[in-house]
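Fold and contact review
So you can see what is in the structure, the chains are spelled out below.
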Amino acid sequence: MIIKSAEFKCSNPRVDMCPQTDLPEYAFIGRSNVGKSSLINMLTERNKLAMTSSTPGKTMLINHFLINKEWYLVDLPGYGYAQRGKKEMEKLWNLISHYVLDREQLTCLFVLIDIRHEPQKKDLEFFTFLGENGVPFSIVFTKADKQSNSKNSLNVQRYLDVLKEQWEELPPYFVTSSTARKGRDELLEYIEQINKSL
Ligand code: GTP
Ligand code: MG
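Summary of the structure given here. (Residues numbered from 1 in each chain as written. Chains lettered and ligands numbered in written order. Predicted model: local features only at pLDDT ≥ 70, side-chain atom pairs only at ≥ 80, totals over all residues. Heavy atoms only, no water.)

1. Regarding the packing of aromatic side chains
Spelled out, the test is: Only the six-membered ring of Trp is used, alongside the rings of Phe and Tyr, when aromatic pairs are assigned; centres must lie within 6.5 Å, and planes under 30 degrees apart are stacked while those over 60 apart are edge-to-face, with the rest tilted. Helix and strand assignments come from DSSP, with helices taken as H or I runs of at least 4 residues and strands as E runs of at least 2, each series counted from the N terminus.
The final tally for this structure, using the stated rule, is 14 aromatic pairs. Relative to Trp71, the ring of Tyr26 lies with its centre 5.5 Å away and its plane at 85°, an arrangement referred to as edge-to-face. Of this pair, Tyr26 sits in strand β2 (residues 25-30) while Trp71 sits in strand β4 (residues 71-75), placing them 45 residues apart in sequence. With a centroid separation of 5.6 Å and an interplanar angle of 80°, the aromatic rings of Phe137 and Trp167 are classed as edge-to-face. Of this pair, Phe137 sits in strand β6 (residues 137-142) while Trp167 is found in the loop between α4 (149-166) and β7 (173-175), placing the two residues 30 residues apart along the sequence.

Written out as structure tokens, the structure reads:
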């Protein structure tokens, strides 16, 4: 897919304030600092479209980016960033969970996982939450440039093995790097196929 246009549309603190259109949405979610905003910039080839930071907790609102005037990429706050305090974490969890459960335009949810790490409790709990609520998702492994391909393959396999203990069917998954532009074609192709099928 060729990205002809990518525009920031709006940032919202509540789901009911998000754009009232029936355009399909593809959202990125995952722990703070996993690379959600960077992935949006990589996919759109616009370095400063989504705000990124090496300090976790940068994205605090639901951000809509209109792509090719046909569909949205959505950047969400990270989950599980304890430094913010309990109240703030609850607020963010409310925002994320409402978006995931109530946003009818949500067409595919991509859960981002740092490829370097062992399966983390917070992520596994999030998968369980999605499963319990019947929300389909795909997995995007991020930061593949940070270690060797063989280590990446090993970690992905280990991750899938853990998922197999809980799930009969494994979700589609992608291995990406925003700095090395890895996985861009595969992800855009996947989105294009879904858009065509709608
Ligand atoms: P929050 O909005 O805080 O939840 O974080 P986020 O998930 O949006 O992460 P963000 O895109 O802001 O990236 C966090 C840090 O990781 C930044 O310093 C990025 O430069 C870095 N980063 C993101 N993706 C990659 C990647 O593929 N490779 C490398 N080497 N660094 C990355
Ligand atoms: Mg972000």
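From this point, the discussion proceeds with the structure in view.
2. Points about the site of ligand 1
Note the cut-off: Nearness here has a simple test: a residue counts as near a molecule or strand if at least one of its heavy atoms is within 4 Å of that partner. Nitrogen and oxygen atoms within 3.5 Å of one another constitute a polar contact, given that in protein one can donate a hydrogen and the other can accept it, and given that sequence-neighbouring residues count only through two side-chain atoms. Only the protein chains shown count as cover for residues, and the accessible areas themselves come from Shrake-Rupley with a 1.4 Å probe. Throughout this entry, Asp, Glu, Lys and Arg are counted as charged residues, while Ala, Val, Leu, Ile, Met, Phe, Trp, Tyr, Cys and Pro are counted as nonpolar. The remaining residues, Gly among them, count as polar.
Lining the immediate surroundings of ligand 1 are 21 residues, of which Lys36, Ser38, Gly57, Asp145 and Ser178 lie closest. The side chain of Lys36 places a nitrogen or oxygen atom 2.7 Å from an oxygen atom of ligand 1. Within the backbone of Gly57, one N or O atom sits 2.7 Å away from an oxygen atom of ligand 1. Relative to its free-state accessible area of 650 Å², ligand 1 is covered by the protein chains to the extent of 88%. A class-by-class count of the residues in the shell around ligand 1 yields two nonpolar, 14 polar and five charged.

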